[in-house]
Amino acid sequence: MSQHEDRLTALALGLLRGPGSNARTLLGLAGPPGAGKSTLARHLVAEVERVEGPGSAAYVPLDGFHLSAAQLDRLDLTHRKGAPATFDAHGYVALLRRIATDRFQDIYVPDFDRTLDEPVAARHVVRPHARLVVTEGNYLASTDTPWPDARRLLRELWYVDTRDDVREERLLRRHRDGGRDEATARHWVNGNDHPNGEYVKAGRALCTRTVPGTGLRTAPDRGSVL
């Protein structure tokens, strides 16, 4: 583990120490597309489980609340996939509220499947003994309704910061791997990912701390579209 990864793991574990340490803690990761949010989230969950035991941490991606292709077609938003309006934000907030209060049931969490290009149910689970829940998504620091309701449920919200050129290369590679040719991938990055990223950057000052999104070991792709 690098010093950078070790420091971030120590910060996450620190949230489980001190007064109220038996309560469930929700840690949020915000940042623009391609910043490395899902990679960091999965790393933190794995390391906390390594120290605290299996099931002691859980991963909750906003991606699972992406609207289906059928709903995007209905709303004429297919061309804006990944923008704030293409998520069931109220459903995401409702799930966070349940996670924050229900310590007696397994709580199943959806994700996004890149192969299907659709959200899928119950890929992740928050077990009753989970003490740290790491949730990540572009818009957790947004001031538009209902995102502040999600923010109030989080103990801390970290902004994952990565240089724009690094993010662009990651996004181009992601879209090419998803089947787009070079021209189409670049058009999508410039016309969709870039404006979404600029919108996300406006919330940086509202985050608890800023952490770098580089220097992390690449985790297996769980199907993020963001």
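Here, the structure is the one placed above.
All values reported here derive from a predicted model rather than from experimental measurement.

> Can you lay out the sheet that holds strand 6 (residues 156-161) for me, pointing to particular residues and giving the numbers?
Pairing is parallel across the open sheet formed by five strands, whose spatial order is 2-5-1-6-7. Of all strands in the sheet, those with a lone pairing partner are strand 2 (57-61) and strand 7 (209-212), marking the two edges. Across this sheet, the average inter-strand angle for adjacent strands is 25 degrees, counted without regard to direction. Summarising the sheet, strand 6 and strand 7 pair through four bridges and their orientation is parallel. When the bridges of strand 7 are listed, Tyr159 appears paired with Thr210. Across the sheet, helix 1 (residues 3-14) touches strand 5 (132-136), strand 6 and strand 7, and the angle it forms with strand 7 is around 150 degrees. Its contacts with the sheet put helix 4 (residues 89-101) on strand 1 (25-30), strand 2 and strand 5, and the angle it makes with strand 2 is roughly 170 degrees.

> Describe the packing of helix 1 against helix 2 (residues 37-52), listing the residues and the values that go with them.
Running from N to C, helix 1 and helix 2 cross one another at 65 degrees; their axes reach a closest spacing of 10 Å. By the angle between their axes, helix 1 is roughly perpendicular relative to helix 2. The crossing of helix 1 and helix 2 is right-handed. On helix 2, the residues touching Glu5, Leu8, Thr9, Ala12 and Leu13 of helix 1 are Leu40, His43, Leu44, Glu47, Val48, Val51 and Glu52. In terms of residue class, the contact of helix 1 with helix 2 is made up of seven nonpolar, two polar and three charged.

> Please give an account of the nonpolar core that cites residues and values.
Counting 28 residues, the largest nonpolar core has Val60, Tyr92, Ile99 and Val126 as its most contacted members. Contributions of two or more residues to this core are made by strand 1, strand 2, helix 4, strand 3 (107-113), helix 5 (147-151) and strand 6. Ranked by residues supplied to this core, first place goes to helix 4 with six residues. Residues in contact with Ile99, not counting those within four places in the same chain, are Arg24, Leu26, Val60, Ile107, Val126 and Val133. In terms of nonpolar packing, the next biggest core, distinct from the first, is built from 21 residues, Leu16, Leu27, Val134 and Val160 among them.

What counts, and at which threshold
- Residues numbered from 1 in each chain as written.
- Predicted model: local features only at pLDDT ≥ 70, side-chain atom pairs only at ≥ 80, totals over all residues.
- Heavy atoms only, no water.
- Pairing = 2+ DSSP bridges.
- Helix = DSSP H or I, 4+ residues; strand = E, 2+ residues; numbered from the N terminus.
- Axes fitted to C-alpha atoms, helices over the stretch in contact; angles between N-to-C directions.
- Contact = heavy atoms within 4.5 Å.
- Parallel < 35°, antiparallel > 145°, perpendicular 65-115°, else oblique.
- Left-handed = near helix turned anticlockwise from the far one by under 90°.
- Nonpolar A, V, L, I, M, F, W, Y, C, P; charged D, E, K, R; others polar.
- Core = buried A, V, L, I, M, F, W, Y, C linked by side-chain atoms within 4.5 Å.
- Buried < 20%, exposed > 50% of the residue type's maximum accessible area, 1.4 Å probe, protein only.

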